Amino acid sequence: MTSKADSQRPVVGLVIPFTHVVRYFLDLAHFLYPELRFIGKSVDVKSVSHEGFKDSWGRIVPTARELVAEGAQAVMVIGTSLTFHRGPEAHERLLAELRTLGVPIGTMSTAIVDGLRQFGSKEIGVATAYGEDINAPLREYLVHSGFKVLALEGFGGANTASSKTDDDLCGISRRVLKEAGHADGLLVSCGGLKTLTAAPKIEAEHGLPVVCSTESSLWAAARLAGHSGRAPGHGRLLESAATA
């Protein structure tokens, strides 16, 4: 049952790739933004691969529609690779379909771009959980969005993303930024990577803003619902409010 206090909070719907991480994303969202209420549904992705995304792609808009019917006043589609893997044009078509729902919408792919633009980053290093089959369309999407990718390295596959430690994330970021040479920002891409505590460490070591898939998507989702997006104590992006 929804309490009176809950009914007064703006409701954000999250379209989530995997059923087993629905609770994780909802808990993290409520931890960062207790002023909002989050609801979520899965599109049942089979694996982080073109084949694994195949059936789930067609479930994104219907699932978002269900969330709106259940009271969502804004919708964020979680899943960076889920939303960019078909290329920039397909992502734009997806956004166009989502906009027909009549509420503010975003994807994890739009969120990482918004996060990088928040800092004026243009020449970036990129660390991912992916293999080359997903890294290639990510590079295409970033270039299409106006960024110069100076260096990109992945862990080789997203299936083990959740097992990566802060040390793993700091290590791959160190290698990427060394190769990049003069990056003005770092992107850590994959919603399966647990980046909440790693990002501030990477920022402290390198003095650069770090934008991560999960945190940027929740930051952007909060902004869709009229929140400033600020959740201090978890890195520079979550320290920042929305720009005009």
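Preceding this section is the structure that the text describes.
Residues numbered from 1 in each chain as written. Predicted model: local features only at pLDDT ≥ 70, side-chain atom pairs only at ≥ 80, totals over all residues. Heavy atoms only, no water.

**Q** Got a minute to help me understand the state of the cysteines in this structure?
**A** Throughout this description, disulfide means a covalent bond between two cysteine sulfur atoms. Tallied over the entire structure, the rule returns 0 disulfides. Unpaired in this structure, C170 has its nearest cysteine sulfur neighbour in C212, at a distance of 10 Å. No disulfide involves C190; its sulfur sits 11 Å from the nearest other cysteine sulfur, which is in C212. With a relative accessible area of 6%, C190 lands in the buried category. (Disulfide = S-S within 2.5 Å. Buried < 20%, exposed > 50% of the residue type's maximum accessible area, 1.4 Å probe, protein only.)

**Q** What exactly am I supposed to notice about the environment of L193 here?
**A** Note that L193 resides in the loop between strand 7 (185-189) and helix 10 (198-206). Take L193: its relative accessible area is 0%, and that puts it in the buried class. In sequence terms L193 and P34 are 159 residues apart; their C-alpha atoms lie 22 Å from each other. When neighbours within four sequence positions are excluded, L193 is seen to be in contact with T128, A129, F155, A161, K164, L169, V188 and T214. (Helix = DSSP H or I, 4+ residues; strand = E, 2+ residues; numbered from the N terminus. Contact = heavy atoms within 4.5 Å.)

**Q** Before we go on, may I ask you to explain the environment of K201 in this structure?
**A** With respect to the helices, strands and loops of the structure, K201 is situated in helix 10. Sequence-wise, K201 and D167 are 34 residues apart; in three dimensions their C-alpha atoms are separated by 9.5 Å. Apart from residues no more than four positions distant in its own chain, K201 is found in contact with D166 and C170.

**Q** What is the right way to look at the sheet that holds strand 5 (residues 123-128) in this model?
**A** Sheet strands line up and pair through hydrogen bonds in the backbone, either parallel or antiparallel. If you trace the 4 strands from one edge of the open sheet to the other, you get 6-5-7-8, paired in parallel fashion. Two strands close off the open sheet at either side, each with one partner strand: strand 6 (148-154) and strand 8 (210-212). On average, each strand axis in the sheet is tilted by 20° relative to the strand beside it, whichever way the strands run. Of the pairings in the sheet, the one linking strand 5 to strand 6 comprises 6 bridges and is parallel in character. Bridging across to strand 6, T128 finds its partner in G154. Sitting on the sheet, helix 9 (residues 166-180) touches strand 5, strand 6 and strand 7, and the angle it makes with strand 6 is about 145°. (Pairing = 2+ DSSP bridges. Axes fitted to C-alpha atoms, helices over the stretch in contact; angles between N-to-C directions.)

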